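Here are the chains, one letter per residue:
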Amino acid sequence: MSKPISFGYPRIFGFADGRHSRGRYPSEYYFSQGMQKGLWGLMTGYNVVKLKDSVDLSGLGNVRWFADAGGYVYALDDGGKVWKETTPGAGDFAAEHTVSGSTSGGQGLIGDQKGRMLAFASTTISKKDGTWSDSWKTGLTSYDHPADTYEDMVIFGNKDAVGLIDNADNVNLTALNLPSSMTVDCLKSGKNGILIGANLGNRGALLLWNTQTDRSIAPWIWTSGKIQSIERTDSGWVVVTQKQILLTTGYSTRELFPILDDPLGYTTYTVAPQGTLVINNKLFILNQGNGYARMRCGAYIFDLGTQLSEFVPVSTQNVTSSIPQAIYAAKTIAQEVFLGYRDSFLSKNYIGSLIVSGGTIGHYYSEILADNAEEKAVEAVILNMGLATILSNVQDLSATIAVKLYNFRRPLWGVNFTNAQIAGHPEQVRVDGLNAGLTRASAGDEVTPLEGANAGLSRHVTAIANAGTATETWTLDAAFPNETETSVHLSVQPLVLIERKTITSPAQIPELYFNAKNKCNGKKFLVKVVIESSNAQLELHRSDLILDDLGYTP
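Conventions used here
Residues numbered from 1 in each chain as written. Predicted model: local features only at pLDDT ≥ 70, side-chain atom pairs only at ≥ 80, totals over all residues. Heavy atoms only, no water. Helix = DSSP H or I, 4+ residues; strand = E, 2+ residues; numbered from the N terminus. Rg over C-alpha atoms; globule rule 2.2 N^0.38 Å. Areas by Shrake-Rupley, 256 points an atom, 1.4 Å probe, with all protein chains shown as cover. Lys, Arg positive; Asp, Glu negative; His and termini not counted. Charge placed at Lys NZ, Arg CZ, Asp CG, Glu CD. Salt bridge = Lys/Arg side-chain N within 4 Å of Asp/Glu carboxyl O. Buried < 20%, exposed > 50% of the residue type's maximum accessible area, 1.4 Å probe, protein only. Contact = heavy atoms within 4.5 Å. Patch = residues over 30% accessible without salt bridge, like charges linked within 9 Å, V, L, I, M, F, W, Y side chains within 5 Å. Phe/Tyr/Trp six-rings, centres within 6.5 Å; stacked < 30°, edge-to-face > 60°. Lys NZ or Arg CZ within 6 Å of the ring centre and 35° of its normal. Core = buried A, V, L, I, M, F, W, Y, C linked by side-chain atoms within 4.5 Å. Pairing = 2+ DSSP bridges. Axes fitted to C-alpha atoms, helices over the stretch in contact; angles between N-to-C directions. Polar contact = N/O pair within 3.5 Å; in protein donor to acceptor, adjacent residues only side chain to side chain.

**Topic: the overall build of the protein**
Phase 1: Check the secondary structure of the protein and you find zero helices and 48 strands.
Phase 2: Against the compact-globule benchmark of 24 Å for 554 residues, the protein has a radius of gyration of 25 Å, which places it among compact chains.
Phase 3: With an accessible surface of roughly 21500 Å², the protein has 50% of that area assigned to carbon and sulfur atoms.
Phase 4: The average position of the 46 basic charges and that of the 53 acidic charges among the side chains of the protein differ by 3 Å.

Here is the structure:
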């Protein structure tokens with residue numbers, strides 16, 4: 001007998017580590033990429049778009065810091081070059097200045113209370129006040145210099161000390177001294193004072209300070225793993241360490257989120273000092289540590305109310321070898337959220353913008369469905385799609401929507417990589433079938449390049465030639481837009497493609513019935529929905545998985 005199992009809304013609040021499935025909080029789905037919570041469900045969105053890259057801007061390095069002054073946003077890269085918006089709010093960055101001084105590697109950037117821009121080199125500070133003055137302040141200890149403003153002062157890290165510049169431009173390089181083996185790697189002012197993240201080996205300490213004392217004003221709070229980034233919230237600060245995401249007032253602290261899929265912290269976060277941002281009760285964290293499952297390179301978006309997450313990759317869709325460094329919300333009339341990142345595979349640096357309109361690729365894995373010991377055959381998946389009801393602009397309904405199933409009988413996540421580029425055959429990829437440490441694909445499996453020109457696009461294996469050899473070749477059910485390069489990491493997953501539907505500018509969303517007869521049996525399932533090339537913001541509402549109970553099987 002056929003019966004429906006509903007998925008989607010109201011269980012579309014983001015993904016996490018399973019703590020919320022107790023029912024005391026909104027329940028999470030398993031994973032999403034390039035999707036966001038809408039009014040009625042989950043819709044395409046959270047998209048990083050390229051503004052400039054190192055082809056557009058010759059000499060652009062990986063941007064480590066953003067700041068704004070006089071209504072303009074500035075960026076400082078790891079080569080010590082300063083870039084500036086030509087038109088406020090336009091994101092049209094152009095070359096502004098190259099900081100001189102000892103090892104001008106882009107050690108810090110801050111717009112001060114006088115409307116000036118201060119750029120840090122290893123041992124000097126350059127100032128723009130109408131024109132640039134290099135080595136305006138000198139004698140700093142060679143290290144990174146994270147900086148912020150506090151009352152009428154500028155505060156900055158100075159390796160094993162905290163320095164400040166007062167309202168009269170007097171500099172004190174050792175306003176607060178720390179033990180010589182410690183380093184100040186991040187700091188941020190707030191309601192309770194200045195929170196300093198200092199590290200000693202692989203441990204971190206949080207220090208609360210007010211610029212008036214020669215020691216902290218509260219007992220130090222020691223953390224697990226190095227402190228990597230600090231961001232202000234309305235109630236205190238969010239602190240990201242290698243192993244924790246914490247909320248603190250400077251006097252007390254609690255853990256917000258453990259590391260995804262690793263509650264004991266055997267793996268680590270890798271986050272740059274300006275790699276966190278809080279906007280409207282959402283915490284954005286730029287993770288550089290790559291993985292091949294749910295931990296990826298890109299932006300994790302944590303809802304501070306529900307404690308659930310969403311994920312968005314950088315503009316190149318590279319989730320395994322991109323290096324996102326900085327995220328910044330400009331203090332301008334129009335909301336601008338800038339990102340600085342590098343795509344190591346493409347050997348390019350980027351300045352991008354985070355937007356909430358739909359991207360070209362998005363996917364979603366449901367919560368676990370029909371979980372019991374009875375065998376079941378899937379008959380169909382019926383998607384209930386709508387459109388974002390908050391938009392008034394014209395939306396073209398063209399899109400490709402694919403539905404896939406996972407039955408838990410093989411590992412969900414696997415990885416391989418290409419060992420050749422097959423000229424003239426974008427419908428094929430070649431791998432080394434002799435490498436037992438890589439995932440062997442079977443006919444029907446989903447293959448997704450994690451980097452390169454085809455990053456983020458998924459196809460399915462239809463045939464395998466030369467199996468078990470160094471020239472093993474997989475033929476796919478559809479060609480990629482480009483030939484897949486050599487040494488591209490591939491996600492290999494035992495997802496059964498039910499159907500792929502392409503809709504081209506209909507007057508309204510058509511019925512989305514995906515026939516799954518004789519395609520997938522199991523005792524429990526995940527549904528994966530993939531939306532590509534959508535020119536509209538499609539929203540997934542409560543949908544149904546149609547099953548036929550087969551009873552208990554020996």
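**Topic: the pattern of salt bridges**
Phase 1: Inspection of every chain in the model, using the stated rule, returns 20 salt bridges.
Phase 2: For K404, the salt bridge identified is with E446, shortest N-O distance 2.7 Å. One end of the pair, K404, is in strand β36 (residues 399-406); the other, E446, is in strand β39 (residues 446-449), and 42 residues separate them in sequence.
Phase 3: Using a relative accessible area of 0% as the deciding quantity, one classes K404 as buried.
Phase 4: Here E446 falls in the buried class, since its relative accessible area comes to 0%.
Phase 5: Of the charged contacts in the structure, one is a salt bridge between D445 and R410, with a shortest N-O distance of 2.8 Å. With D445 in the loop between β38 (428-431) and β39 and R410 in the loop between β36 and β37 (415-420), this pair connects stretches of sequence that are 35 residues apart.
Phase 6: Take D445: its relative accessible area is 3%, and that puts it in the buried class.
Phase 7: One connected set of salt bridges, linked through shared partners, spans D112, K114, R116 and D169.

**Thoughts on the environment of V319**
Phase 1: Within the secondary structure layout, V319 lies in the loop between β29 (309-312) and β30 (322-329).
Phase 2: Along the chain, V319 and L178 lie 141 residues apart, while their C-alpha atoms are 38 Å from each other.
Phase 3: Those residues in contact with V319 that lie beyond four places of it in its chain are Q33, N290, G291, R296, C297, F311, P313 and L450.

**Notes on a nonpolar patch on the surface**
Phase 1: On the surface, a cluster of nonpolar side chains totalling about 410 Å² of accessible area is made up of L39, W40, I390 and L391.
Phase 2: When you line up the elements, I390 lands in the loop between β35 (385-387) and β36.

**Looking at the packing of aromatic side chains**
Two numbers describe a pair of aromatic rings. These are the distance of the centres and the angle of the planes.
Phase 1: All chains considered together, the criterion is met by 19 aromatic pairs.
Phase 2: Arranged with centres 4.8 Å apart and planes meeting at 45°, the rings of Y406 and F408 form a pair that is tilted.
Phase 3: Taking the relative accessible area as the measure of exposure, Y406 reaches 5% and is therefore buried.
Phase 4: Linked through ring pairs, F15, Y29, Y30, F31, Y300, F311, Y364, Y365 and W413 together constitute an aromatic cluster.
Phase 5: Note that K84 overlies the ring of Y72, its terminal NZ or CZ placed 4.2 Å from the centroid.

**Some remarks on unusual backbone geometry**
Phase 1: Although it is not a glycine, S135 sits at a positive phi angle of roughly 55°.
Phase 2: The residue S135 is located in strand β13 (residues 131-137) in this model.
Phase 3: You will see that S505, though not glycine, has its phi angle at about 50°, which is positive.
Phase 4: For S505, the location among the structural elements is in the loop between β43 (496-503) and β44 (512-515).
Phase 5: In this structure S505 comes out as partly exposed when scored by relative accessible area, which is 43%.

**Topic: the nonpolar core**
Phase 1: Formed by 56 residues in total, the largest nonpolar core has its most connected members in I245, V381, L383, V527 and L545.
Phase 2: For this core, the leading source of residues is β36, giving five residues.
Phase 3: In this structure V527 touches F7, Y364, Y365, S366, L369, V381, V403, K404, L405 and L545, once residues within four positions along its chain are discounted.

**Describing the sheet that holds β36**
In a beta sheet, neighbouring strands are held together by backbone hydrogen bonds and run either parallel or antiparallel to one another.
Phase 1: Taken in spatial order, the five strands make up an open sheet running β2-β33-β46-β36-β43, and their pairing is antiparallel. Each of the sheet's edge strands pairs with one partner strand only, and the pair in question is β2 (31-33) and β43. On average, each strand axis in the sheet is tilted by 10° relative to the strand beside it, whichever way the strands run.
Phase 2: Across three bridges, β2 lies against strand β33 (residues 361-365) in antiparallel orientation. Paired with Q33 across the strands is H363, a residue of β33.

**Quick word on the pairing of β30**
Phase 1: In terms of residue burial, β30 counts as a mostly covered element, since seven of its eight residues are buried.
Phase 2: Sheet analysis places β30 next to strand β31 (residues 337-343), joined by seven bridges and oriented antiparallel. Bridge pairing in β31 links P324 to Y341.

**Re the environment of K404**
Phase 1: Distance in space between the C-alpha atoms of K404 and D17 is 23 Å, their sequence separation being 387 residues.
Phase 2: The residues touching K404, leaving out its near neighbours within four places in the chain, are E446, S458, H460, L495, V496, L497, I498, L526, V527, K528 and V530.
Phase 3: A polar side-chain atom of K404 sits 2.7 Å from a polar atom in the side chain of E446.

**Examining the environment of L206**
Phase 1: Here L206 is to be found in strand β20 (residues 203-209).
Phase 2: Measuring from C-alpha to C-alpha, the distance between L206 and G250 comes to 7.2 Å, with 44 residues separating the pair along the chain.
Phase 3: Setting aside residues up to four positions removed in sequence, L206 forms contacts with L195, I196, G197, P219, W220, I221, T223, I227, I230, V239 and T248.

**Some words on the sheet that holds β39**
Phase 1: What the six strands build is a closed barrel, ordered β37-β38-β41-β40-β39-β42; its pairing is antiparallel. Strand-to-strand twist in this sheet, taken as the mean axis angle between neighbours without regard to direction, amounts to 50°.
Phase 2: Looking at chain direction, β39 and strand β40 (residues 459-465) are connected through two bridges and run antiparallel. Across the sheet, residue V447 finds its bridge partner in β40, namely R459.

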